[in-house]
Amino acid sequence: MAITPNIWFNGNAAEAVRFYTDLFPDSHLIRTVHYPEEGLLDFQKELAGRELTIDFSLGGQRLVAINAGPEFRPTPALSFTVSVGADDPAVAREQIDTIWAGLSDGGTVFMPLGEYPFAARYGWVEDPYGVSWQLTLADPGRSQPFIVPSFLFAGDRTNRAEEAIEYYTGVFPDSAIGTVARYEEQTGPAAQGSLMYADFALTGQLFVAMDSGVPMDAAFSEGVSLSVACADQEELDYFWDKLSKAGAEFEQCGWCKDQFGVSWQIVPADMEQLMQRPGAFERLMGMKKIQIDEF
């Protein structure tokens, strides 16, 4: 099983993926799936034959770029923490500065790159495509993935980070809660004892979550969703039951939302092969939860 972040782009997914794979070290394309030439809905017809999804890897983290329309965009509620480390501190500093320069050129800086009480060098930026990144120098001696998806619970979801972590680790196998740091006092909207930082593993993959200590309206959206690759219909039914909690209006083509507002795609692991079958795209567009036998 794998949980893969999917990023929604407004018709420029191929351009964005080229930007990321040129900027980040140890990065490459995996595969590209195209829209069919026929059978599209009216609002999709201008995308006929163009890229539908692009699988790519940045520093070992697999991501999927969705090439669609202006319906959704990423928000800071689901960002990507990049931990830059090297045997030579000067090399690490040069690398983080290079990545920062690329992401911030034409983007929006939330927290400038610099020294903070919690990190020797850290910055938070929204890149020109609207995707949020947190860059930090890796702690010496601490082994962690280069890129980690990071949940920010803000607005009316502030103070729910711990509830979400406990829920997710109860849903997914091979899961555990790791480092936990709490607010020692009320900090903005974050209550005393809520999560200033926590990391946790789902299916052995590392994630981060925190409650926002400043007022902000960042909400989870379909702009960054998480796909769960399921071995069979039984597994798909299980995760759909656990993660589809926000109502039928958020369900389409295997997409759903949980009680925290996070968007999930609950899909068969062999989805690419299923989509090669005649009429597969039209059948998919008519589904909410995916029914494998209907392909």
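Residues numbered from 1 in each chain as written. Predicted model: local features only at pLDDT ≥ 70, side-chain atom pairs only at ≥ 80, totals over all residues. Heavy atoms only, no water.

(A) Representation of the overall build of the protein in the model. Along the backbone of the protein there are six helices and 15 strands. Compactness check: the protein gives a C-alpha radius of gyration of 19 Å against a globular reference of 19 Å for 295 residues, within 12% of the reference. By its C-alpha atoms, the protein is 55 × 40 × 30 Å across when sized along the principal axes. The proportion of buried residues among the 295 residues of the protein is 49%. Considering only contacts within the protein whose residues lie at least 6 apart along the sequence, 65% involve residues at least 24 apart. Of the roughly 13,600 Å² of accessible surface on the protein, a fraction of 49% belongs to carbon and sulfur atoms. (Helix = DSSP H or I, 4+ residues; strand = E, 2+ residues; numbered from the N terminus. Rg over C-alpha atoms; globule rule 2.2 N^0.38 Å. Buried < 20%, exposed > 50% of the residue type's maximum accessible area, 1.4 Å probe, protein only. Contact = heavy atoms within 4.5 Å. Areas by Shrake-Rupley, 256 points an atom, 1.4 Å probe, with all protein chains shown as cover.)

(B) Highlighting unusual backbone geometry. Even without glycine at this site, N159 takes up a positive phi of about 75 degrees. Looking at where N159 falls in the secondary structure, it is placed in the loop between β9 (147–153) and α3 (161–171). With phi around 50 degrees, D174 is a residue other than glycine that occupies positive phi space. Its location among the elements puts D174 in the loop between α3 and β10 (176–182).

(C) Region of interest: the environment of Q205. Summarising the element assignment, Q205 is placed in strand β12 (residues 205–211). Separated by 65 residues in the primary sequence, Q205 and D270 place their C-alpha atoms 20 Å from one another. Polar contacts involving the side chain of Q205 include one to the side chain of T203, which spans 3.0 Å. (Polar contact = N/O pair within 3.5 Å; in protein donor to acceptor, adjacent residues only side chain to side chain.)

(D) Structural view of the layout of surface pockets. Quantified by volume, the second largest pocket comes out at close to 1,100 Å³. Contributing to the lining of the second largest pocket are 38 residues, with F118, A119, Y122, T136 and Y197 lying nearest its centre. Within the residue set of the lining of the second largest pocket, elements represented by two or more residues are β5 (78–84), α2 (89–104), β7 (119–126), β8 (132–137), β9, β10, β11 (195–202) and β12. Class assignment of the residues belonging to the lining of the second largest pocket gives a composition of 24 nonpolar, nine polar and five charged. (1 Å grid on protein atoms, 1.4 Å probe; cavity = no way out; pocket = protein on both sides within 12 Å on 5 of 7 lines; lining within 4 Å. Points joined across faces, edges and corners; volume = space filled by probe spheres on them. Nonpolar A, V, L, I, M, F, W, Y, C, P; charged D, E, K, R; others polar.)

(E) Spotlight on the nonpolar core. Formed by 82 residues in total, the largest nonpolar core has its most connected members in Y20, F24, W133, F151, Y168, W264 and I266. Formed by eight residues, the second largest nonpolar core is a distinct cluster that contains Y122, V148, L152 and V208. (Core = buried A, V, L, I, M, F, W, Y, C linked by side-chain atoms within 4.5 Å.)

(F) View of the sheet that holds β11. Here eight strands make up an open sheet; going across it, the order is β6-β7-β8-β5-β9-β12-β11-β10 and the pairing mixed. The open sheet terminates on both sides in strands that have one partner only, identified here as β6 (108–116) and β10. The sheet shows a mean angle of 20 degrees between the axes of neighbouring strands, taken without regard to direction. Relative to β12, β9 runs parallel, the two sharing four bridges. Across the sheet, residue L152 finds its bridge partner in β12, namely M210. Against the sheet, α3 contacts β9, β10, β11 and β12, and its axis sits at roughly 10 degrees relative to β11. (Pairing = 2+ DSSP bridges. Axes fitted to C-alpha atoms, helices over the stretch in contact; angles between N-to-C directions.)

(G) Summary view of the packing of aromatic side chains. Going through the model one piece at a time under the given rule, you end up with 31 aromatic pairs. When the centroid spacing of 6.4 Å and the interplanar angle of 25 degrees are considered together, the rings of F151 and F153 count as stacked. By way of ring pairs, the aromatic residues F151, F153, Y167, Y168, F172, F200, F207, F220, Y238, F239, F260 and W264 are connected into one cluster. (Phe/Tyr/Trp six-rings, centres within 6.5 Å; stacked < 30°, edge-to-face > 60°.)

(H) Up close: helix α1 (residues 13–23). Along α1, the positions that sit buried rather than exposed are A13, A14, A16, V17, Y20, T21 and L23. Elements in contact with the buried residues of α1: β1 (3–9), β2 (27–34), β3 (51–58), β4 (61–67), α2 and β8.

(I) Just the pattern of salt bridges, in detail. Scanning all chains against the criterion turns up nine salt bridges. For R31, the salt bridge is made with D55, and the minimal N-O distance between the two is 3.7 Å. Of the two residues, R31 sits in strand β2 while D55 sits in strand β3, which places them 24 residues apart along the sequence. Judged by relative accessible area, which is 34%, R31 ranks as partly exposed. Overall, the relative accessible area of 4% leaves D55 in the buried class. Between E272 and R31 there is a salt bridge, with the nearest N and O atoms lying 2.8 Å from each other. Taken together, the residues E272 in helix α5 (residues 271–274) and R31 in strand β2 connect sequence positions 241 residues apart. What makes E272 partly exposed here is its relative accessible area of 32%. Overlapping salt bridges bring together R31, D55, R62 and E272 as one network. (Salt bridge = Lys/Arg side-chain N within 4 Å of Asp/Glu carboxyl O.)

On their own, these measurements won't tell you what the molecule is for.
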